[in-house]
Amino acid sequence: MNYKLRTIFFSGPWYKRVAVWIATFIIAIILFFIAVDCNFCYLFGRSPGFDDIKDPVVNEASEVYTCDEVLMGRYFNENRTPVTFEEISPVLIRTLIDTEDERFYQHHGIDVVGLFSAIKDIMRGRARGASTITQQLAKNLFRVRTQYSTGLLGRLPGIKILIMKAKEWNVALKLEWVFSKEEILTMYLNTVDFGSNAYGIKTAARTFFGTTPDALTYEQAATLVGLLKATSFYNPRLNPHNSLQRRNTVLQLVYDHHHIFLNGLEASAAQFDSLLALPIALRTRTTESYQDGMAPYFREALKSYIDSLCSQGFVPGYDAINKLDLDADGLRIYTSIDSRMQAYAEDAVQKQMQAIQKRFNDHWRYSNPWQNARRQEISNFAEDIARRSPYGKYLEAKYQGNADSVDFYLRQPHSVRLFSYDGPILQEMSTIDSVRYMLRFMHTGFVAIEPDTRFVRAWVGDIDFHSWQMDNVRAVHQPGSTFKLFVYTEAMNQGLNPIDHRPDSYIAFVDTIAGKPKIWAPHNANGYFSNREVSLKSAFAMSINSVAVRVGMECGVHNIAKTAYAMGIKTKLQEMRSLVLGSSEVNLLEMVNSYCTVANDGRYNMPLLVERIEDRDGNLIYQARKNENKAISYRSAYLMQRMLVGGLSGTSGGLWHYIRPFYADTEFGGKTGTSNNHADAWFIGVTPKLVGGVWVGGEYPSIHFRTGQLGQGSKTALPIFGEFIQSVLSDEHFSKYRAKFPPAKGIDSRLWIGSSYSYQRPDTTTFDYDFSGSSSSSDATYGGQEQTYSEESTPEQKEEGDEE
């Protein structure tokens, strides 16, 4: 046998020996490729099979739409949106082939002619690539150099690159076997990275030129194809000179292949020279980010919401472990947000917060607003925040905790991007000074929900997402008197009625804290008690703390907490006496949803952020459905609806300024709330078809107005809701939101309609309030002067033990 082999390889005419050696080499190469593809003896690692080739998984950006199908934004790791072959300009196709793979239509994945040409050029010292478009697609789709191992042999020096190259060739051959040339070109252009976070031709055309793939011109197509050689070096934004040279090189290749046509005719030399002389006209925009688009706070919340849907089994085929990948699955997410209502909400926030900011700046003109309960400035407040910032932590690590070095660099001026209502500004200042500047801004959160569907129609998390990522729709704050909704709802649950009376007088409780007696004596916001019997509807409307505390103690704090949970509160409540005045922190979303439970006749449902989700192929994988349950009785809900309507004759009277034109056919209710020291200001407005809530406050609780006239909920939060609801109801598209609560079913109207209440001061000045829900008075006044009832206790109350 050995003799025969030696005869075949080493004897006979030379040309036979050469032919045998060539044939043997070819057979060895084929056997090597087969061994690599089937991972012979686990020596080469796994390769993509035909099933992988037929259904390749490509990371696609998920698109988020409003309920009226306006694109809100995208989620992505790779910002990619696929297109079809018909959506790609023939100009781009010709440019790509002429530049990257001129024999594309002649080979079957591997260009043998190009391969030998590349070898010849390498031998002459002019190294160049020989990968075909199909081979490049194989790398883009399957990343055989990173996602697939090279087996045991891949650990040997020099062998690993051979195995990876063999896998790419195998995949290229399979791609050519499975797909047409047009499909390969489409997949390539949909997967390739153009730099600047632009993956795929659709995103690249939009990012660099603000156009679509079917409208690309010769010079634009040449610029994009030129990027493929080196996405940074030839980036037209980063290196415009390099990009222009590369573009013209690409144009020359297309011209040499006689593929430039102008007005239906092949371009002349003069026309081609004119084309080369054109500058690169980029679209003036920054690199697209997933944060770009409408309602960024909402889209951040949407991520965890969809995760929750998967975890709870609402999306078939997904669970707590196997979740939808918003950054890669190419989903079409149709949310509950209405683009027009979102715009109205953002406009209301901008308009009112700018006015509030002006008042706040005037109020604290000569001093810093970060002060304690005794109205003393908190020392080193901004400095401590600067040290806790990412830059402060970096300096702490770099200088190994040396306080002098950290403070030195925190005080060094540098260019800083700062927020302003006129747009971002750049200034030279130190980190500490920039912190001081940003701390002086007031903040807000707004959300609007339909009580019958529970679809969230508008969501504004703060005044500027790029400057502050904390979402005040989801962040917890003390709700103040807006929490009294649960106190009086539980009172209705236990059989009380709006016309029942309780005394407005001094009340105190003695507790033992740390072995010492402690007195909690809540005050009314106005600082005095009328010492008279007050109806519950009057006490609720005017936010009289003494009555709310008496009712709360009568009903039981635990029972009130249970009712709050049933109606929509998810945050853990601190079950102490001061809970009845809103001392336990909750978030705006759950408060507004709880008010929706009242408006929806006592039926609870979770807030719905998504109407439906489709996969990348357009298949419906999730559809929102009602999942209501009875939280409170119809009787309690209806009586609380009347109590809320009565609120417009009390502390919510300022809403009349916005709703008067709509009062004939729309019913309104509301409740204000303000926490201690005016740190948190709230308003929740209610109509039968739409409920909206607002929170206003500083970035930290110690930053706030010093007086109720400036800082209470009726002065800061209420106008934002007023502006929003006025805009919505003025829009004929939203005529469905004009409605009144249906008449009572089986409830005696005498339970909430009674005589007016005369509230008497110690000086015997009186004013009558009509709480029937049909008052023609828009403002509650004493002797012609506006009497405002803020819901917070006096600053001293906190020190006296507002919380147990």
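A quick note: this is a predicted structure, and the numbers were derived from the prediction, not measured.

Colleague: Which parts of the structure should I look at to understand the overall build of the protein?
Modeller: The helix and strand inventory of the protein stands at 28 helices and 26 strands. Counting across all 804 residues of the protein, residues that qualify as buried make up 53%. Across the protein, the fraction of contacts at a sequence separation of at least 24, relative to all contacts at a separation of at least 6, is 70%. Within the structure as shown, the protein displays about 35500 Å² of accessible surface, and the carbon and sulfur contribution to it stands at 54%.

Colleague: Can you walk me through the packing of helix H9 (residues 201-209) against helix H10 (residues 218-227) in this structure?
Modeller: Describing two packed helices takes the angle between their axes plus the distance from one axis to the other. Orientation of H9 relative to H10, taken along the N-to-C sense of each, is 115 degrees, at an axis distance of 11 Å. Our pair here, H9 against H10, has a crossing hand that is right-handed. Every residue of H10 that contacts H9 at Ile 201, Ala 204, Ala 205, Phe 208 and Phe 209 is listed here: Gln 220, Thr 223, Leu 224 and Leu 227. A per-class count over the contact of H9 with H10 returns 7 nonpolar, 2 polar and no charged.

Colleague: Please explain the environment of Pro 522 as it appears in this structure.
Modeller: Along the chain, Pro 522 falls in the loop between strand S13 (516-520) and strand S14 (532-535). According to the relative accessible area criterion, Pro 522 is buried, its value standing at 1%. Once the C-alpha coordinates of Pro 522 and Ala 508 are considered, the two residues, 14 residues apart in sequence, prove to be 7.0 Å apart.

Colleague: Please explain the side chain of Arg 550 as it appears in this structure.
Modeller: Inspection of the secondary structure assignment puts Arg 550 in helix H21 (residues 545-555). Buried within the structure, Arg 550 lacks any salt-bridge partner; Asp 504 is the closest side chain of opposite charge, at an N-O distance of 6.2 Å. Here Arg 550 is in contact with Pro 503, Ser 505, Tyr 506 and Ile 507, once residues within four sequence places are set aside.

Colleague: Which parts of the structure should I look at to understand helix H8 (residues 181-191)?
Modeller: Helical geometry: 3.6 residues make up each α-helical turn, so side chains three or four residues apart lie on a common side. Of all 11 residues that make up H8, 9 are buried, and the element is covered over most of its length. Residues of H8 that are buried: Lys 181, Ile 184, Leu 185, Thr 186, Met 187, Tyr 188, Leu 189, Asn 190 and Thr 191.

Colleague: So what exactly am I meant to see when it comes to unusual backbone geometry here?
Modeller: Most peptide bonds take the trans configuration, and most residues that are not glycine carry a negative phi. Backbone geometry places Asn 677, a non-glycine residue, at a positive phi of 65 degrees. Along the chain, the position of Asn 677 falls in the loop between strand S20 (669-674) and strand S21 (680-686). Here His 678, not a glycine, exhibits a phi torsion of approximately 65 degrees, which is positive. According to the relative accessible area criterion, His 678 is buried, its value standing at 9%.

Colleague: Hey, could you run me through the packing of helix H4 (residues 90-100) against H8 in this one?
Modeller: Where H4 contacts H8, the axes come no closer than 12 Å and their chain directions differ by 90 degrees. As judged from the angle between their axes, H4 and H8 are roughly perpendicular. Between H4 and H8, the residues in contact are Leu 92, Ile 93, Leu 96 and Ile 97 and Leu 185, Tyr 188 and Leu 189, respectively. Residues belonging to the contact of H4 with H8 are distributed by class as follows: 7 nonpolar, no polar and no charged.

Colleague: Got a minute to help me understand the pattern of salt bridges in this structure?
Modeller: Side chains bearing opposite charge may pair, as long as their charged atoms lie close to each other. Tallying each qualifying case throughout the model produces 27 salt bridges. As a salt-bridge pair, Lys 358 and Asp 362 come within 3.4 Å of each other at their nearest N and O atoms. Within this pair, Lys 358 and its partner Asp 362 are both found in helix H14 (residues 339-363), separated by 4 residues, close to a single helical turn. Residues joined by salt bridges that share partners form a network here, namely Glu 450, Arg 457, Glu 611 and Lys 736.

Colleague: Can you help me understand the sheet that holds S20 in this one?
Modeller: Backbone-to-backbone hydrogen bonds pair the strands of a sheet. The strands run either parallel or antiparallel. Pairing is antiparallel across the open sheet formed by 5 strands, whose spatial order is S9-S8-S22-S21-S20. A single partner strand is all that each edge strand has here, and the edge strands are strand S9 (456-460) and S20. Each adjacent strand pair in this sheet contributes to an overall mean axis angle of 10 degrees, direction not counted. The sheet contact formed by S20 and S21 spans 6 bridges and is antiparallel. Residue Gly 673 lies in a different strand from S21, and its bridge partner there is Trp 682.

Colleague: Just to check I follow, could you spell out the confidence of the model for the protein for this structure?
Modeller: Close reading of the predicted structure is inappropriate where its pLDDT is low. Here the protein averages 85 in pLDDT, while 82% of its residues score no lower than 70. Overall, residues 755-804 carries pLDDT values under 50, and its contacts beyond four positions in sequence, including any with other chains, amount to 147 contacts.

Colleague: I'm lost on the sheet that holds strand S2 (residues 71-75) in this one. Help?
Modeller: Judged by pairing direction, the sheet is mixed, and its 5 strands sit side by side in the order S2-S1-S5-S17-S18 without closing on themselves. Of all strands in the sheet, those with a lone pairing partner are S2 and strand S18 (620-623), marking the two edges. Strand after strand, the sheet turns through a mean of 15 degrees between neighbouring axes, direction not considered. Across 3 bridges, the pairing between strand S17 (residues 610-614) and S18 is antiparallel. Looking at the pairing, Arg 612 lines up with Gln 623 of S18. Here helix H13 (residues 296-311) sits on the sheet and contacts strand S1 (62-65), S2, strand S5 (332-335), S17 and S18; the angle it forms with S2, its principal contact strand, is near 65 degrees.

Colleague: Explanation requested: a nonpolar patch on the surface in the structure shown.
Modeller: Together, Tyr 391, Tyr 394, Phe 408 and Tyr 409 give the surface a local cluster of nonpolar side chains, amounting to about 400 Å² of exposed area. Among the secondary structure elements, those contributing two or more residues to the nonpolar patch are helix H16 (390-398) and helix H17 (403-410). Its place among the elements puts Tyr 409 in helix H17.

Colleague: What is the right way to read the nonpolar core from this model?
Modeller: Across soluble globular proteins, you tend to see nonpolar side chains buried next to one another. The biggest cluster of nonpolar side chains holds 148 residues, and the ones touching the most others in it are Leu 302, Ile 333, Phe 446, Trp 459, Tyr 488 and Phe 724. Counting 44 residues, the second-largest nonpolar core is a separate cluster that includes Val 83, Ala 205, Leu 216 and Val 225.

Colleague: Is there a simple way to think about the environment of Phe 298 in this case?
Modeller: Considering the arrangement of structural elements, one finds Phe 298 in helix H13. C-alpha separation for the pair Phe 298 and Gly 461, spaced 163 residues apart in sequence, amounts to 7.4 Å. Sequence-distant contacts of Phe 298, defined by excluding residues within four places in its chain, comprise Met 72, Thr 335, Ser 336, Ile 337, Trp 459 and Leu 609.

Colleague: Please clarify how the packing of aromatic side chains should be interpreted in this entry.
Modeller: Both the distance between ring centres and the angle between the ring planes are used here to describe each pair of aromatic rings. Counted by the stated rule, this structure contains 29 aromatic pairs. Ring geometry for Tyr 255 versus Phe 272: centroids 4.2 Å apart, planes at 10 degrees, classification stacked. Of this pair, Tyr 255 sits in helix H11 (residues 240-256) while Phe 272 sits in helix H12 (residues 269-277), and the two are 17 residues apart along the sequence. A cation over an aromatic ring shows up here: Arg 612 above the ring of Tyr 334, its NZ or CZ 3.8 Å from the ring centre.

Colleague: Help me out: how do you make sense of helix H19 (residues 484-493) in this one?
Modeller: Taking burial as the measure, the 10 residues of H19 include 9 buried ones, the bulk of the element. Along H19, the residues that are buried comprise Lys 484, Leu 485, Phe 486, Val 487, Tyr 488, Thr 489, Glu 490, Ala 491 and Met 492. Looking at the packing, one finds that the buried side of H19 touches helix H20 (536-542), H21, helix H22 (557-567), helix H23 (588-599) and helix H24 (634-646). Remark: Gly 495 follows H19 within two positions and exhibits a positive phi of approximately 100 degrees.

Colleague: Sorry, what's going on with the pairing of S20 here?
Modeller: Of all 6 residues that make up S20, 6 are buried, and the element is covered over most of its length. With burial as the criterion, each face of S20 is covered, one bearing Gly 669, Lys 671 and Gly 673 and the other bearing Gly 670, Thr 672 and Thr 674.

Colleague: Where do I start with the environment of His 108 in this structure?
Modeller: Summarising the element assignment, His 108 is placed in the loop between H4 and helix H5 (112-123). Taking the relative accessible area as the measure of exposure, His 108 reaches 61% and is therefore exposed. It is 8.0 Å that separates the C-alpha atoms of His 108 and Trp 177, two residues lying 69 residues apart in sequence. In contact with His 108, other than residues within four places in its own chain, are Ala 172, Leu 173 and Glu 176.

Colleague: What is the right way to read the side chain of Ser 336 from this model?
Modeller: Locating Ser 336 in the fold gives a position in the loop between S5 and H14. Residues in contact with Ser 336, not counting those within four places in the same chain, are Cys 67, Phe 298, Phe 455, Val 456, Arg 457, Leu 608, Leu 609, Val 610 and Glu 611.

Here is what the cut-offs are and how they apply
Residues numbered from 1 in each chain as written. Predicted model: local features only at pLDDT ≥ 70, side-chain atom pairs only at ≥ 80, totals over all residues. Heavy atoms only, no water. Helix = DSSP H or I, 4+ residues; strand = E, 2+ residues; numbered from the N terminus. Buried < 20%, exposed > 50% of the residue type's maximum accessible area, 1.4 Å probe, protein only. Contact = heavy atoms within 4.5 Å. Areas by Shrake-Rupley, 256 points an atom, 1.4 Å probe, with all protein chains shown as cover. Axes fitted to C-alpha atoms, helices over the stretch in contact; angles between N-to-C directions. Left-handed = near helix turned anticlockwise from the far one by under 90°. Nonpolar A, V, L, I, M, F, W, Y, C, P; charged D, E, K, R; others polar. Lys, Arg positive; Asp, Glu negative; His and termini not counted. Salt bridge = Lys/Arg side-chain N within 4 Å of Asp/Glu carboxyl O. Parallel < 35°, antiparallel > 145°, perpendicular 65-115°, else oblique. Pairing = 2+ DSSP bridges. pLDDT = per-residue confidence, 0-100. Patch = residues over 30% accessible without salt bridge, like charges linked within 9 Å, V, L, I, M, F, W, Y side chains within 5 Å. Core = buried A, V, L, I, M, F, W, Y, C linked by side-chain atoms within 4.5 Å. Phe/Tyr/Trp six-rings, centres within 6.5 Å; stacked < 30°, edge-to-face > 60°. Lys NZ or Arg CZ within 6 Å of the ring centre and 35° of its normal.

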